[in-house]
There are 2 protein chains.
Amino acid sequence: MDIDESDRHLLEVLQEDANATINDLAFASHLSPASVQRRLKRLRDKGVIQRQVAIVDQNVLDQKMSFVILVELERERTDQLDTFKRAAQREPQVQQCYYVTGEADFVLLCVARDMDDFEQLTRRLFFDNENVRRFRTSVVMDRTKVGLAVPVWPDDTER
Amino acid sequence: MDIDESDRHLLEVLQEDANATINDLAFASHLSPASVQRRLKRLRDKGVIQRQVAIVDQNVLDQKMSFVILVELERERTDQLDTFKRAAQREPQVQQCYYVTGEADFVLLCVARDMDDFEQLTRRLFFDNENVRRFRTSVVMDRTKVGLAVPVWPDDTER
DNA sequence: CGTGAAACCAACATCTA
DNA sequence: TAGATGTTGGTTTCACG
């Protein structure tokens with residue numbers, strides 16, 4: 001699967017605005033609409049473009065608080081890891097979960113309505129879990145930058 | 001701005017699949033297509049639905065590595081904070097940046113092609129910045145869960 | 001329910017490695 | 001020759017009023 005420069009150009013736009021029309025993309029990437037269409041189909045079929053999602057303003061919803069949690073497990077056995085991963089995936093309030101090197105084993109990004117709601121979440125995730133040694137919580141005061149957009153250019157010189 | 005249960009239903013679906021058709025949404029939310037359309041327009045106009053983006057497979061791009069970084073500043077003065085925030089926003093490889101309570105001041109989520117690329121990023125972000133006291137890096141071994149979708153239900157009982 | 005826009009798909013000529 | 005591109009046209013789906 002190779003991605004050429006035109007593909008990168010398309011992906012860059014779509015990562016910011018998935019509603020861009022084929023003609024928009026054609027203009028931006030200096031390709032014909034037909035070519036753009038073929039490329040998009042290929043990128044979707046190959047799973048490079050995985051899905052399209054709507055970004056919803058969190059403040060309007062009731063999930064006003066965000067948390068970063070560092071989790072340390074008692075034992076790092078693969079079955080224990082998988083158990084924890086599944087628990088994280090099952091929990092809607094866990095937005096993101098990363099298995100990492102370093103002092104912590106997992107980094108979680110969670111949302112909650114309020115402190116009480118968050119406390120119940122920690123109960124479900126940690127206190128009911130024998131294998132969690134400790135966890136450290138940081139409350140998010142400012143979501144300075146939020147996004148999943150990835151720089152698609154191999155290096156700065158190619159732009 | 002109040003969001004009723006039907007709105008929550010719509011948002012819930014759109015957060016996962018922004019390509020759902022109006023008829024799909026109408027069926028899922030037990031509303032008429034016309035009503036869905038009006039609600040969507042209102043949600044978009046009010047900025048509740050901010051934008052639609054494509055999720056791109058990171059592995060296909062060259063940003064194969066992810067990092068979680070805890071940053072501690074020397075002094076927490078507002079102008080220093082703003083300076084750091086701007087630097088994070090300017091840097092495309094910084095996907096997410098949170099200003100948090102606790103032992104660290106900022107939590108960053110970054111991507112890089114390789115270790116060398118990452119090292120250059122840390123140089124730009126930290127070594128050139130007088131105000132950064134220390135930073136701790138965790139390498140992401142497994143992106144167990146990645147998403148921005150937020151549970152839109154005020155509490156579990158309403159589902 | 002009608003209209004228009006845009007996505008989708010197929011066919012064909014062209015160009016190049 | 002094989003692969004990608006541009007052009008065109010026809011069909012269908014869907015958003016919008």
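The paragraphs below set out a description of the structure included in this document. The structure presented is a predicted model; accordingly, all values stated were derived computationally and were not measured. (Residues numbered from 1 in each chain as written. Chains lettered and ligands numbered in written order. Predicted model: local features only at pLDDT ≥ 70, side-chain atom pairs only at ≥ 80, totals over all residues. Heavy atoms only, no water.)

### Comments concerning the protein's contact with DNA strand C
Residue and element names in this part refer to chain A.
So, point 1. If you check the shell around DNA strand C, you find Thr21, Ile22, Gln37 and Arg44 and nothing else.
So, point 2. Within 4 Å of the protein, atoms of DNA strand C come from sugar and phosphate in 57% of cases.
So, point 3. Broken down by class, the residue content of the surface near DNA strand C amounts to one nonpolar, two polar and one charged. (Near = heavy atom within 4 Å. Nonpolar A, V, L, I, M, F, W, Y, C, P; charged D, E, K, R; others polar.)

### Side note on the interface of chain A and chain B
So, point 1. Chain A puts 68 residues into the contact, and the matching count from chain B is 69 residues.
So, point 2. Overall, the association of chain A and chain B removes approximately 6700 Å² of surface from exposure, summing both partners, and the carbon and sulfur fraction of that is 56%.
So, point 3. Inspection of the chain A/chain B interface yields eight salt bridges.
So, point 4. Residue aspartate 62 of chain A pairs with arginine 8 of chain B through a salt bridge whose shortest N-O separation is 2.8 Å.
So, point 5. Run the count over chain A and chain B and you get 46 residue pairs in polar contact (both at pLDDT 80 or more).
So, point 6. Taken together, the elements giving at least two residues each to the side of chain A that touches chain B come down to helix H1 (5-16), strand E1 (49-56), strand E2 (65-73), helix H4 (78-90), strand E3 (94-100), strand E4 (106-112) and strand E5 (132-145) of chain A.
So, point 7. A per-element tally of the side of chain A that touches chain B places E5 of chain A first, with nine residues.
So, point 8. Of the residues contributing to the side of chain A that touches chain B, the split by class is 37 nonpolar, 16 polar and 15 charged. (Contact = heavy atoms within 4.5 Å. Buried area = accessible area lost by both parts, 1.4 Å probe. Salt bridge = Lys/Arg side-chain N within 4 Å of Asp/Glu carboxyl O. Polar contact = N/O pair within 3.5 Å; in protein donor to acceptor, adjacent residues only side chain to side chain. Helix = DSSP H or I, 4+ residues; strand = E, 2+ residues; numbered from the N terminus.)

### Things to note about the protein's contact with DNA strand D
So, point 1. Neighbouring DNA strand D are the residues Leu31, Ser32, Ala34, Ser35, Arg38 and Arg39 of chain A together with Thr21, Ile22, Gln37 and Arg44 of chain B.
So, point 2. Counted by atom, the contact set of DNA strand D within 4 Å of the protein is 65% sugar and phosphate.
So, point 3. Between DNA strand D and the protein, one listed contact pairs a base nitrogen with a side-chain N or O atom of arginine 38 of chain A at 2.9 Å.
So, point 4. With respect to DNA strand D, the side chain of threonine 21 of chain B contributes an N or O atom lying 3.1 Å from a phosphate oxygen.
So, point 5. For the surface near DNA strand D, the secondary-structure elements that each account for two or more residues are helix H3 (33-45) of chain A together with helix H3 (33-45) of chain B.
So, point 6. With four residues, H3 of chain A is the single largest residue contributor to the surface near DNA strand D.
So, point 7. Residue composition of the surface near DNA strand D, by class: three nonpolar, four polar and three charged.

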